[in-house]
Amino acid sequence: MAEKTIKAPIPGTFYRQPSPEADPFKSEGDKVDPGDVVGLVEIMKNFHEVKAEEGGTLERFLVETEDAVEEGDDIATLAD
């Protein structure tokens with residue numbers, strides 16, 4: 001079975017939470033439904049939601065908060 005991943009929609013800086021003092025949108029082990037927000041990508045002071053296209057359990061994040069990402073980079077993996 002192919003591994004399911006959540007990909008960066010645009011290039012920029014990845015964030016797991018909406019603000020530094022807030023809880024992450026999702027944590028490893030959380031259930032994820034299609035359309036759930038798992039993070040944000042910031043580019044030029046604009047924030048874009050990173051949404052899951054498929055459902056599953058968030059297995060692990062492949063990037064950390066404030067890591068640079070390119071469009072199409074894998075952000076996280078999902079298990080069934």
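Residues numbered from 1 in each chain as written. Predicted model: local features only at pLDDT ≥ 70, side-chain atom pairs only at ≥ 80, totals over all residues. Heavy atoms only, no water.

## Some thoughts on the side chain of R16
Here's step 1: By secondary structure assignment, the location of R16 is in the loop between β2 (12-15) and β3 (31-32).
Here's step 2: Although buried, R16 forms no salt bridge, and the nearest oppositely charged side chain, E64, lies 4.9 Å from it.
Here's step 3: Every residue in contact with R16, bar those within four places of it in the chain, is listed here: P24, F25, K26, S27, E28, V38, G39, F61 and T65. (Helix = DSSP H or I, 4+ residues; strand = E, 2+ residues; numbered from the N terminus. Buried < 20%, exposed > 50% of the residue type's maximum accessible area, 1.4 Å probe, protein only. Lys, Arg positive; Asp, Glu negative; His and termini not counted. Salt bridge = Lys/Arg side-chain N within 4 Å of Asp/Glu carboxyl O. Contact = heavy atoms within 4.5 Å.)

## Topic: the pattern of salt bridges
Side-chain pairs of opposite charge can arise whenever the charged atoms involved come near each other.
Here's step 1: Counted by the stated rule, this structure contains five salt bridges.
Here's step 2: For K7, the salt bridge is made with D74, and the minimal N-O distance between the two is 2.5 Å. Here K7, found in strand β1 (residues 4-7), pairs with D74, found in strand β8 (residues 74-79); they are 67 residues apart in sequence, far enough to count as distant.
Here's step 3: Residue classification places D74 among the partly exposed positions, given a relative accessible area of 31%.
Here's step 4: Close ionic contact of K51 with E49 constitutes a salt bridge, the shortest N to O distance being 3.4 Å.
Here's step 5: Overall, the relative accessible area of 45% leaves E49 in the partly exposed class.

## Details of the pairing of β1
Along any regular strand the residues' side chains alternate between the sheet's two faces.
Here's step 1: Along β1, the buried face is formed by K4 and I6; none of T5 and K7, which line the opposite face, is buried.
Here's step 2: Pairing of β1 with β8, which is carried by four bridges, proceeds in the antiparallel orientation. Paired with K4 across the strands is L78, a residue of β8. (Pairing = 2+ DSSP bridges.)

## A closer look at unusual backbone geometry
Here's step 1: Phi at M44 takes a positive value of approximately 55°, unusual for a residue other than glycine.
Here's step 2: Counting through the fold element by element, M44 comes out in the loop between β4 (37-43) and β5 (46-51).
Here's step 3: In this structure M44 comes out as exposed when scored by relative accessible area, which is 73%.
Here's step 4: Here the phi dihedral of E66 falls at roughly 75°; this positive angle occurs in a residue that is not glycine.
Here's step 5: As for its position among the elements, E66 is in the loop between β6 (56-61) and β7 (68-69).
Here's step 6: In this structure E66 comes out as exposed when scored by relative accessible area, which is 58%.

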